[in-house]
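A closer look at the structure
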Amino acid sequence: MRRRICALSARFGQARALRTVALLASKFRQQTGSVTVMVKATIYRSALIAMALAAQASVAMGDGSAEYSHAPSYTSDGRLNPPADYREWVFLSSGLDMSYNEKAMASSQPVFDNVFVNPEAYRAFLKTGTWPDKTQFVLEVRSSSAKGSINHRGHFQSGAITGMEVHVKDTSRFQGGWAFFGIDGQSPAKQIPLTQACYSCHSAHGAVDTTFVQFYPTLLPIAQQHVTLSTAYMKDEAQAANTVH
């Protein structure tokens, strides 16, 4: 019976599956005519509804969409509402004073950047090696300190957030499928213009779907396994291997 309900939900959608559940429960009551069994049928019906809802969620998750509680939301004029609970999302990696400019000098005050992704997108990536629609990345920048407490070497994160960006995949809304937003507090954010370098840089060097999976050590092997690494990234890796530092 459970397989039947799950199959109905997957094939016809939640509403139709629930109608079928109601019909089955009704027939069950008619066949018994017992008050006690009617109560049991009600409980059984509730359980079947729960299974149908779970099956519907499973089907939605497999269709390449991360359209759930952590999907991006926008104001009427197209601004992105910053995700308030992103620190409860999946942490991907942290970098210290990274720069993509080969002429950049080391900073006397290096900063950390922390990257988080919504959990629905993370789970989809583990299955497919690529990002579903409605994926959201949050890049959070924090200052670093070398002196403090018992530390005598290296840097640790300290202080408040000094910068934040959100990278959103929303193929029905954005040219190229992705967009960047500069976040300032909890105010809705405007999209960063397509002319900015972040778009061309990600397009030219992103390991998977214009994202820097090459810097996420738990996800790079997944992309390798699913053979979803971009040609651009493979070219960069080949050049890096031949470069003498």
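Residues numbered from 1 in each chain as written. Predicted model: local features only at pLDDT ≥ 70, side-chain atom pairs only at ≥ 80, totals over all residues. Heavy atoms only, no water.

A few words on helix α4 (residues 119–128). Buried residues of α4: P119, E120, A121, A124 and F125, and no others. Just downstream of α4 lies G129, where phi reads positive at about 80°. (Buried < 20%, exposed > 50% of the residue type's maximum accessible area, 1.4 Å probe, protein only. Helix = DSSP H or I, 4+ residues; strand = E, 2+ residues; numbered from the N terminus.)

Turning next to the confidence of the model for the protein. Counting all residues, the mean pLDDT for the protein is 82, and 71% of those residues have values of 70 or more. With pLDDT under 50 throughout, residues 1–12 is counted as low confidence; its partners more than four residues away or in other chains account for 20 contacts. (pLDDT = per-residue confidence, 0-100. Contact = heavy atoms within 4.5 Å.)

What follows deals with unusual backbone geometry. One non-glycine residue with positive phi stands out, namely K134, at about 75°. Position of K134 among the secondary structure elements: in the loop between α4 and β3 (136–145). Overall, the relative accessible area of 12% leaves K134 in the buried class. A positive phi angle, close to 50°, is found at D209, a residue other than glycine.

This paragraph deals with the side chain of S144. By secondary structure assignment, the location of S144 is in strand β3. From its side chain, S144 meets the backbone oxygen of P110 in a polar contact 2.4 Å long. Setting aside anything within four residues of it in sequence, one finds S144 in contact with L96, P110, V111, F112, H155, F156, Q157 and S158. (Polar contact = N/O pair within 3.5 Å; in protein donor to acceptor, adjacent residues only side chain to side chain.)

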